[in-house]
Amino acid sequence: MRSPVMLIVATAAFFPTYALQLPFKFPFFSRSVAQEPLLISEPPVAETTVPNRIAIIGAGAAGSSAAFWISKAKERFGLDVEVDVYDKNSYVGGRSTTVFPYGDDSLAPVELGGSVFVKVNKILWRAVSEFGLELEDWRGDSGDDAVMGIWDGHEFLLTTGGGSLLGNWLDKIKILWRYGYKAPTKTQELVDTMASKILRLYEPNTPVWQNATSLLSELEWADVTAQTTAEYLDLHGVDRRFSRELVEAATRVNYGQDVDQIHALEGMVSLSATGASSVKGGNWQIFENFIAASEARLYLNTTVTAVSRFSASGSWMVQSTAFKEPRLYRAVILAAPYDQTDISFSTKVPVVPVQKRPYVHLHVTLLSTSSPTANASYFNLGHGHKAPSSVLTTYDGVRQRGHPEPEFNSLTYHGHVLTKDGTKRVNAEGAEEWVVKIFSKQRLDDEWLRGMFDGKLGWVLRKEWDAYPVLPPTVEFPPIKLADGLYYVNAFEPVISTMETETLAARNVVDLLMREQYDAGLCKPHLTEEGEAARVPDEDFVYGWDC
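Residues numbered from 1 in each chain as written. Predicted model: local features only at pLDDT ≥ 70, side-chain atom pairs only at ≥ 80, totals over all residues. Heavy atoms only, no water.

As recorded in an unreviewed UniProt entry, the chain goes by the name FAD/NAD(P)-binding domain-containing protein, listed as coming from Lentinus brumalis. UniProt annotates the chain under Sequence similarities (unreviewed entry) with the comment "Belongs to the prenylcysteine oxidase family." Turning to the chain, the UniProt annotation filed under Cofactor (unreviewed entry) states: "FAD". (UniProt positions renumbered as here; feature names shortened; annotations may be inferred.)

### Concerning the overall build of the chain
In terms of regular secondary structure, the chain is built from 14 helices and 21 strands. Counting every position in the chain, which comprises 547 residues, the buried fraction comes to 59%. As displayed, the chain has an accessible area near 21600 Å², and 50% of this comes from carbon and sulfur atoms. (Helix = DSSP H or I, 4+ residues; strand = E, 2+ residues; numbered from the N terminus. Buried < 20%, exposed > 50% of the residue type's maximum accessible area, 1.4 Å probe, protein only. Areas by Shrake-Rupley, 256 points an atom, 1.4 Å probe, with all protein chains shown as cover.)

### Brief notes about the sheet that holds strand β18 (residues 434–440)
Ordered in space as β7-β6-β16-β17-β18-β15-β19, the 7 strands form an open sheet in which the pairing is mixed. Lying at the two open borders of the sheet, with one neighbouring strand each, are β7 (156–161) and β19 (457–469). Averaged over all pairs of adjacent strands, the angle between their axes in this sheet comes to 20°, without regard to strand direction. Inspection of the sheet shows strand β16 (residues 390–393) paired to strand β17 (residues 410–416) by 3 bridges, in the antiparallel sense. In the strand pairing of β17, valine 391 is matched with leucine 411. (Pairing = 2+ DSSP bridges. Axes fitted to C-alpha atoms, helices over the stretch in contact; angles between N-to-C directions.)

### Side note on helix α1 (residues 61–77)
With 17 residues, α1 extends 24 Å between its outermost C-alpha atoms, agreeing within 8% with the 24 Å of an ideal straight helix rising 1.5 Å per residue. Two residues or fewer past α1, glycine 78 is found with a positive phi of approximately 65°. (Expected span 1.5 Å × (residues − 1).)

### Side note on the state of the cysteines
One pass over the full model with this rule turns up 1 disulfide. Covalently, cysteine 523 is tied to cysteine 547 through a disulfide, its sulfur atoms 1.8 Å apart. Note on the cysteine 523 and cysteine 547 pair: the S-S dihedral is about -75°, so by sign convention the disulfide is left-handed. With cysteine 523 in the segment after α14 (499–518) and cysteine 547 in the segment after α14, this pair connects stretches of sequence that are 24 residues apart. (Disulfide = S-S within 2.5 Å.)

See below:
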């Protein structure tokens, strides 16, 4: 479906940490080669002196990219630094992971976690190019025929799509008729302003921030995170129906939160940018390549239980299930949500406290069905009408009309079940099947699924995630530096939670660590001689990748 500029498209990757996506083009989950553990030989464990070594706890987007940024600093400054990466999972990628329908690895994989990103996500986009990976349309083979509907629990408030040029113009008319001209154009203006400020984080003079508050002040975002998305759009004169219906459809699918709950910066991120893509075979390949290129030691299936330091100038000790004795480090990077690690921190100088932050507990249901659309009668549609292929939801039916809350956040068809060579798989009855992904707050049982898909169920897989933080308005954020030599990447997640911003936050932490611990940095400063024109980077410049 070709969405007009006014049909704001979600970026799942500026994304959730892994924000997933949005109203009019709808991504969701895939993987083609198996996501295998990287096997690393075990080093000696008996140590008595402080080694020149850094520990990274977590091998998702943040941890894997942190290892990669350290390797870049080592190369540019000639540093001899070892890096160990620990992760409790059996694979690299964290919440970016794929599964095979029916558990059959001859079939094309499906994304289970962080799904899409866009060209403005410069670090991930550059990684795809540098590592020789291939992008694909997140919609599978549904392409331009996708139809989107916004469901309030009782009726569809808006439907768009259908693929034809006429359909595209009808979409514009529907939007203008329901919301007026100002709502979509003003919202797009606000999104564009936000995106232009984010681009500063890729420039040669990008700030290195000690805390999120200072960065928000520099980017003039402090007031944006201090109010809800609803308040922010109301203040700018955006039609309330537009924000409570269309914008809320984006925040619910991307972050599982309503516009009167989620702060405005993340609300704008939900609406940011067109051209969403994913890596063929799975986005996790980016993060596996980060680890491989870094030459770090990787310890999978490993739980870190304690991090301690008993003198102000001594080594950090990391206790894990990988070794009998604690392993010593000059610095430690925590690249996982603090509350979810259950790590015991013991130090002579107290670690800066991190307040407990709740996460949205998301139920993901992946399935295959031979029903080409969901059950129209569930949506109170008359005989002969078809349900949209992407159903997004709003809470406004509860607010305004007392309807029951929708039973799911989103329900989306993601094209056919395919073999790896692109052939459509048929089931035992000779029927084609489609991949469907559903996000919900509660578990959807088999009876509910059979009713939704006319009893035509094939493969079903359920997964529960603590997918992204609860993101209410705030002006206070976790500390990035917990102690001398102890850094926290996910301190940035309450600001923006996407795959891309995890790699940005990791880059900032590595830059900060290198300056403080090694009198170095990620890039050497570029000194301009007298009379020399200031260097103007081209539009493809990405600080960290480039210097």
